[in-house]
Amino acid sequence: MDRSFSAEAEGLQLALDLLRAGPGQGQATALPERMPESGLGEIQTLAMLAPIVLGQAAPLGAATAFAHMDPPTPWVTWALTLWNASLNQNLLHPATAPVARNIEQLVIGWLAPYFGMQGGHMTPGCTVANLTALWAARENAGVTEVIASEGAHLSIAKAAHLLGLRYRTLASDRTGAMIAEALEGDLSRTVLVLTAGTTSGGRLDPLTLAGRAGWTHIDAAWAGPLRLSARHGDRLAGLERADSVAVSAHKWLFQPKESAFVLFRDVASAHAAVSFGGAYLATPNIGVLGSHGAAATPLLATLLAWGGTGVASRIDRCMEMAERLAEFVAQDADLELLARPETGVVNWRPRVVERMDEFYGRLPEGSTSRTVIAEEPWFRNVAANPNFNVEAFLVQLRGANVASRRPSPAPLLR
Ligand SMILES: *Cc1c(COP(=O)(O)O)cnc(C)c1O
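Residues numbered from 1 in each chain as written. Predicted model: local features only at pLDDT ≥ 70, side-chain atom pairs only at ≥ 80, totals over all residues. Heavy atoms only, no water.

Focus on a nonpolar patch on the surface
In plain terms, the rule: Each patch is built from residues that are more than 30% exposed by relative accessible area and take part in no salt bridge. Like charges join if they lie within 9 Å; nonpolar side chains (Val, Leu, Ile, Met, Phe, Trp, Tyr) join within 5 Å. Computed by Shrake-Rupley with a 1.4 Å probe, the accessible areas treat only the displayed protein chains as cover when residues are assessed. Each salt bridge in this description consists of a side-chain nitrogen of Lys or Arg and a carboxyl oxygen of Asp or Glu lying within 4 Å of one another. Helix numbers and strand numbers start at the N terminus; a helix is a DSSP run of H or I with at least 4 residues, a strand a run of E with at least 2.
A grouping of Leu12, Leu82, Trp83 and Leu87 is seen on the molecular surface, where their side chains present a nonpolar patch of about 440 Å² in accessible area. It is helix α3 (residues 75-87) that provides the largest number of residues to the nonpolar patch, a total of 3 residues. Of note, Leu82 is situated in helix α3.

In structure tokens form, the structure reads like this:
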């Protein structure tokens, strides 16, 4: 019996203790430059890696983290991820994943109706979800080109490139959202990609354009989970008329990476279009991936533990944080707000743009990111962390604002 393959209580307990110690780990020792000839053993390895892997990571759940679309994850997903790693189910084969395959279909079945879709499957991210949707569009709608806004995510251009589809962008407004009037002409051989929550600014393309083209795909990687919110779900009205929708669960559904899903209005024909059946497969291989793991089980655990309202309340709380920051910026004469936030992303900057570097340097690390929208530089805050302390941040922001103010220029002549 090789004990490296069984659950060793002492080792798992140590892993848990180190995890709970958080970033406060001991001194990191340098990792060996060459692969060791003889192993350290598991316990020694955990002790060596904790100060590096746990101690040096960016703390996404810290009270100061407000910069990116990467949320902290609920602990119940850590437990399921540990189980997943130990079981190593392969969803490609029903025989190796009898339960996990059903769980994926159950979870997809729970979520699809929020988006007006019939069903779909999980992917490791929206990059693959978008590729899969455009692939189905190419097969089933005979499309030859993709149209998206300038604010669309780079994965759309990437997918068009891989699929041999022409890629065109439509003019965006100054917030990065598609200008509806820019869409014209015969779109019968076009995939129209509408973004629900642009990556830089969280803007919503006019989703009521869904249905105007041969195929409409909605990239709801970021804002899709808003559909679960009774308060904000209507912001995504129109999306139910799309042919496909992509959502990243490792963004606003608080899942560990890599977790996302692609949904189709007509799932049978879409899945048939993106399936291959190899001789050794009992069931056809649907989608881009071959072997893949049970990403749906942490999502199932989250939805069971929190329920729909539990998910929605976290998202609503994030929306409030973004609103609060926007309100604050709008009321400060020194600061400029790009637009009222639509999906929890806030873009702002000092009115004197030359102050941005100095200002940024004075904001808490990890609190804010930088982006360019319509060729203009902006700060970007993303409300993905329900533990973010917005009031403490506003105090620091105010301080950074005062400290980064330029001294008034010295008069040339006295
Ligand atoms: C993050 C994002 C993607 C890519 O999703 P991944 O899950 O990172 O692969 C696609 N589109 C938009 C709008 C995004 O914000």
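Notes on the sheet that holds strand β13 (residues 376-382)
This is how the line gets drawn: One requirement defines pairing of two strands: DSSP has to find at least two bridges between them. Axes here refer to lines fitted to C-alpha atoms; in helices the fit is confined to the stretch in contact. Angles between the N-to-C directions go from 0 to 180 degrees.
Read from one edge to the other, the open sheet built from 4 strands follows the order β10-β11-β13-β12, with strand pairing classed as antiparallel. Edge positions in the sheet fall to β10 (335-337) and β12 (369-373), since each has one partner strand and no second. Strand-to-strand, the axes of this sheet are offset by a mean angle of 40 degrees, without reference to chain direction. As paired strands, β10 and strand β11 (residues 345-350) are joined by 3 bridges and run antiparallel to one another. By the bridge assignment for β11, Leu337 is matched with Trp348.

Some thoughts on the nonpolar core
Heads up, the rule is: What makes a nonpolar core is a set of buried Ala, Val, Leu, Ile, Met, Phe, Trp, Tyr and Cys residues whose side-chain atoms join them at distances within 4.5 Å. Any residue under 20% of the maximum accessible area for its type is buried, any over 50% is exposed, and the rest in between are partly exposed; the area is computed with a 1.4 Å probe on protein chains only.
By size, the foremost hydrophobic cluster in this structure holds 72 residues, and its most contacted members are Ile218, Val245, Phe261, Leu299, Leu325, Trp348 and Leu397. Counting residues per element, this core draws most heavily on helix α9 (residues 296-330), which supplies 14 residues. Membership of the second largest hydrophobic core comes to 27 residues, among which are Trp135, Ala148, Trp215 and Phe264.

Topic: the site of the ligand
Put simply, the rule is: For this description, a residue counts as near a given molecule or strand if any of its non-hydrogen atoms is within 4 Å of it. For this analysis, a polar contact is any N or O atom pair within 3.5 Å, provided that within protein one partner can donate a hydrogen and the other can accept it, and provided that sequence-adjacent residues contribute only side-chain to side-chain pairs. For this scheme, ten residues count as nonpolar: Ala, Val, Leu, Ile, Met, Phe, Trp, Tyr, Cys and Pro. Four count as charged, namely Asp, Glu, Lys and Arg, and the remainder, Gly too, count as polar.
Taken together, 15 residues surround the ligand, and among them Thr127, Asp219, Ser248, His250 and Lys251 come closest. One nitrogen or oxygen atom from the main chain of Cys126 is found 2.8 Å from an oxygen atom belonging to the ligand. Within the side chain of Ser248, an N or O atom sits 2.8 Å from an oxygen atom of the ligand. Taking 380 Å² as the accessible area of the ligand by itself, protein coverage stands at 88%. Secondary-structure elements contributing two or more residues to the shell around the ligand are α5 (126-141) and α7 (249-252). Classifying every residue of the shell around the ligand gives 3 nonpolar, 10 polar and 2 charged.

Observations regarding the domain arrangement of the protein chain
The condition that has to hold: For the domain bounds, the source is a domain assignment made automatically or taken from a database.
Domains assigned within the protein chain are domain 1 (10-54) and domain 2 (89-299). Here the C-alpha centroids of domain 1 and domain 2 sit 38 Å apart.

Brief notes about helix α4 (residues 98-111)
Where we set the bar: The span you would expect from a helix comes to 1.5 Å times its residue count less one. Note that the arc is defined by the directions from the helix axis to the C-beta atoms. Only heavy atoms enter the contact rule, under which two residues are in contact if any of them lie within 4.5 Å.
Compared with an ideal rise of 1.5 Å per residue, which puts 14 residues at 20 Å, α4 spans 21 Å between its outermost C-alpha atoms and is within 8% of the ideal. All buried positions along α4 are accounted for by Ala100, Ile103, Glu104, Val107, Ile108 and Leu111. Taken end-on, α4 shows its buried residues confined to a sector of 130 degrees, consistent with a single buried face. Exposed side chains of α4 directed beyond 90 degrees from the buried face belong to Val99 and Asn102. Looking at the packing, one finds that the buried side of α4 touches β1 (119-123), β7 (260-264) and α9.

Digging into unusual backbone geometry
Residue Lys257 is joined to Glu258 through a cis peptide bond whose omega torsion reads 10 degrees. Here the phi dihedral of Asn88 falls at roughly 55 degrees; this positive angle occurs in a residue that is not glycine. Looking at where Asn88 falls in the secondary structure, it is placed in the loop between α3 and α4. Even without being glycine, Phe254 reaches a positive phi, approximately 60 degrees. Looking at the element boundaries, Phe254 is found in the loop between α7 and β7. The exposure class of Phe254 is buried, given its relative accessible area of 1%.

Remarks on α5
The periodicity of an α-helix, 3.6 residues per turn, causes residues three or four positions apart to be oriented the same way. Helix length check: α5, at 16 residues, gives a terminal C-alpha distance of 21 Å against a target of 22 Å (1.5 Å per residue), a fit within 8%. Among the residues of α5, Cys126, Val128, Ala129, Asn130, Leu131, Thr132, Ala133, Leu134, Trp135, Ala136 and Ala137 are the ones counted as buried. Note on α5: the residue one or two positions beyond its end, Gly142, has a positive phi of about 60 degrees.

Regarding the environment of Leu106
Mapped onto the fold, Leu106 is located in helix α4. Placed 87 residues apart in sequence, Leu106 and Leu19 show a C-alpha to C-alpha distance of 31 Å.

Focus: the side chain of Asn401
Among the secondary structure elements, Asn401 is positioned in helix α11 (residues 390-403). Beyond its immediate chain neighbours, meaning those up to four positions away, Asn401 contacts Asp332, Asp334, Leu335, Arg355 and Phe359.

Some remarks on the packing of aromatic side chains
Aromatic ring pairs are described here by two measures, namely the spacing of the ring centres and the angle between the planes. The cut-off we apply is this: Aromatic contacts are taken between Phe, Tyr and Trp rings whose centres are within 6.5 Å, Trp giving its six-membered ring; a plane angle under 30 degrees counts as stacked, one over 60 as edge-to-face, and the others as tilted. In our convention, an over-ring charge means Lys NZ or Arg CZ found within 6 Å of a ring centre and within 35 degrees of that ring's normal.
For the coordinates displayed, the defined rule picks out 11 aromatic pairs. When the centroid spacing of 5.5 Å and the interplanar angle of 75 degrees are considered together, the rings of Trp348 and Phe359 count as edge-to-face. One end of the pair, Trp348, is in strand β11; the other, Phe359, is in helix α10 (residues 356-361), and 11 residues separate them in sequence. For the pair Trp348 and Phe359, a shared accessibility class is recorded, and that class is buried. Aromatic ring contacts, followed pair by pair, group Trp348, Phe359, Tyr360 and Phe379 into a single cluster. Positioned above the aromatic ring of Trp306 is the side chain of Arg314, whose terminal nitrogen or guanidinium carbon lies 3.8 Å from the ring centre.

As for the sheet that holds strand β5 (residues 215-219)
Read across the sheet, 7 strands follow the order β1-β7-β6-β5-β4-β2-β3 without closing on themselves; strand pairing throughout is mixed. Since the sheet does not close on itself, it has two edges, and those belong to β1 and β3 (166-170), each with one partner. Strand after strand, the sheet turns through a mean of 20 degrees between neighbouring axes, direction not considered. As defined by bridge partners, strand β2 (residues 145-149) adjoins β3 across 5 bridges and the pair is classed as parallel.

A word on the environment of Ile179
By the element assignment, Ile179 lies in the loop between β3 and β4 (190-195). In this structure Ile179 comes out as partly exposed when scored by relative accessible area, which is 30%. Once you skip the residues sitting within four places of it in the chain, Ile179 turns out to touch Ala171, Ser172 and Asp173.

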